[in-house]
Amino acid sequence: TCDTQKRLRIAIQKSGRLTDDTEKLFKNCGIKINESRDHLLAHAENLPIDILRVRDDDIPGLVMDHVVDWGIVGQNVLEETTMQREVDGLPVAYKEVMKLNYGDCRLSVAVPNEMEYKSLKDLEGFKIATTYPFLLKRKLKEMGVSFKSVLLTGSVEVAPRAGLADAICDLVCTGATLHANGLKEVDVIYESKAVLIGRDQELFPEKQAIADLIIPRLKGVMAARE
Ligand code: PRT
Ligand code: ZN
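Keep in mind that what you see is a predicted model, and the values were worked out from it rather than measured.

### Focus: the confidence of the model for the protein
Do not read the fine detail of predicted coordinates wherever pLDDT is low.
Turning to step 1, where the next piece is worked out: This prediction gives the protein a mean pLDDT of 96; 99% of its residues lie at or above 70.
Turning to step 2, where the next piece is worked out: If you check the scores for this complex, the pTM reads 0.96 and the ipTM reads 0.98.

### Quick word on the sheet that holds strand E8 (residues 148-151)
Turning to step 1, where the next piece is worked out: Taken in spatial order, the 5 strands make up an open sheet running E8-E7-E9-E6-E10, and their pairing is mixed. Of all strands in the sheet, those bounded by a partner on one side alone are E8 and strand E10 (183-192). Sheet twist, expressed as the mean angle between neighbouring strand axes with direction ignored, is 30 degrees.
Turning to step 2, where the next piece is worked out: Set on the sheet, helix H4 (residues 75-88) makes contact with strand E9 (167-172) and E10; between it and E10 the angle comes to about 75 degrees.
Turning to step 3, where the next piece is worked out: Packing of helix H5 (residues 133-142) onto the sheet brings it into contact with strand E6 (105-112), strand E7 (127-130), E8, E9 and E10, and relative to E10 it is tilted by some 95 degrees.

### Quick notes on unusual backbone geometry
Turning to step 1, where the next piece is worked out: Phi at His66 is positive, roughly 65 degrees, even though this residue is not glycine.
Turning to step 2, where the next piece is worked out: With respect to the helices and strands, the residue His66 is situated in the loop between helix H3 (59-64) and strand E4 (70-74).
Turning to step 3, where the next piece is worked out: Judged by relative accessible area, which is 32%, His66 ranks as partly exposed.
Turning to step 4, where the next piece is worked out: Phi angles above zero are rare outside glycine, and Ser155 is one such case at about 55 degrees.
Turning to step 5, where the next piece is worked out: For Ser155, the location among the structural elements is in the loop between E8 and E9.
Turning to step 6, where the next piece is worked out: Assessed through its relative accessible area of 47%, Ser155 is described here as partly exposed.

### With respect to the packing of H4 against H5
Turning to step 1, where the next piece is worked out: It is the contact of H4 with H5, at a shortest axis distance of 8 Å, that shows an interaxial angle of 85 degrees. Classed by the angle they form, the pair H4 and H5 counts as roughly perpendicular. In contact with Asn76, Glu79, Glu80, Met83, Gln84 and Val87 of H4, H5 contributes Pro133, Phe134, Leu135 and Arg138.
Turning to step 2, where the next piece is worked out: Tallied by class, the residues present in the contact of H4 with H5 amount to 5 nonpolar, 2 polar and 3 charged.

### Here we look at the site of ligand 1
Turning to step 1, where the next piece is worked out: Around ligand 1 sit 21 residues in total, of which Arg55, Asn76, Thr174, Gly175 and Thr177 are the nearest.
Turning to step 2, where the next piece is worked out: Within the side chain of Gln13, an N or O atom sits 2.8 Å from an oxygen atom of ligand 1.
Turning to step 3, where the next piece is worked out: Asp56 is positioned with one of its side-chain polar atoms (N or O) 2.9 Å from an oxygen atom of ligand 1.
Turning to step 4, where the next piece is worked out: When ligand 1 sits alone it has 840 Å² of accessible area, and the protein chains cover 78% of it.
Turning to step 5, where the next piece is worked out: Mapping ligand 1 onto the cavity grids shows that it belongs to the largest pocket.
Turning to step 6, where the next piece is worked out: Those elements that place two or more of their residues in the shell around ligand 1 are H4, E9 and helix H6 (176-180).
Turning to step 7, where the next piece is worked out: No other element matches the 3 residues that E9 contributes to the shell around ligand 1.

Criteria and cut-off values
- Residues numbered from 1 in each chain as written.
- Chains lettered and ligands numbered in written order.
- Predicted model: local features only at pLDDT ≥ 70, side-chain atom pairs only at ≥ 80, totals over all residues.
- Heavy atoms only, no water.
- pLDDT = per-residue confidence, 0-100.
- Pairing = 2+ DSSP bridges.
- Helix = DSSP H or I, 4+ residues; strand = E, 2+ residues; numbered from the N terminus.
- Axes fitted to C-alpha atoms, helices over the stretch in contact; angles between N-to-C directions.
- Contact = heavy atoms within 4.5 Å.
- Buried < 20%, exposed > 50% of the residue type's maximum accessible area, 1.4 Å probe, protein only.
- Parallel < 35°, antiparallel > 145°, perpendicular 65-115°, else oblique.
- Nonpolar A, V, L, I, M, F, W, Y, C, P; charged D, E, K, R; others polar.
- Near = heavy atom within 4 Å.
- Polar contact = N/O pair within 3.5 Å; in protein donor to acceptor, adjacent residues only side chain to side chain.
- Areas by Shrake-Rupley, 256 points an atom, 1.4 Å probe, with all protein chains shown as cover.
- 1 Å grid on protein atoms, 1.4 Å probe; cavity = no way out; pocket = protein on both sides within 12 Å on 5 of 7 lines; lining within 4 Å.
- Sits in = over half its atoms within 2 Å of the grid points.

Right, here's the structure in full:
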């Protein structure tokens, strides 16, 4: 339909750590979305913009497969997904429209408190539980450390205690989760924040006009919140 040519389609996280900040940002930019969070697709009332609410893990692929024009996702998920898609032979092109000022976290290696740790070399031969095997492997390969990753998409922090792994590599914000699980953060391997990405292709002129209207507003709102 002509709608898909004329309305800018943006994928955002349906429900999670990026959702509130993303919705606040849109609201402050004057994008009015009244539909509730249960709607997969929400239409802005006052602008030709459609919001697609999905799992954050799906957002890079939706942009790279040209299903949406823009997406907001953590750089951690973006980079991990890109490396996975390269292995799978899927398209990985996108462009970064702008970095956003929320979603800050770090991907860190953590080990049991009682373990003596000096450097990443101490992880040689370890089993490491993580949701981010590609980011971890990139870093450890660079350091010449071989290891075995144990893929867990949740409850990563309980893996050492459960005897599933010797160490973990997980996202950290305050460190409270690690602390509560008898783990200490020993090395940061990747620092992340939320980014707005777009498909690597020219937009239809109608959509480009909406993008040109919204980009300065996004920048303005973020500058005001610094
Ligand atoms: O359902 P869906 O797949 O969409 O969500 P999700 O559960 O995969 O992701 P979600 O909502 O947890 O996180 C979305 C994005 O927020 C992440 O990809 C990061 O880019 C960013 N982010 C920022 C974080 C954190 N901070 C964070 N602290 N993501 C996760 N955490 C988790 C971490 O994994 C650990 O379990 O919070 C816990 C640690 O927090 P602290 O404060 O105890 O250190
Ligand atoms: Zn996710």
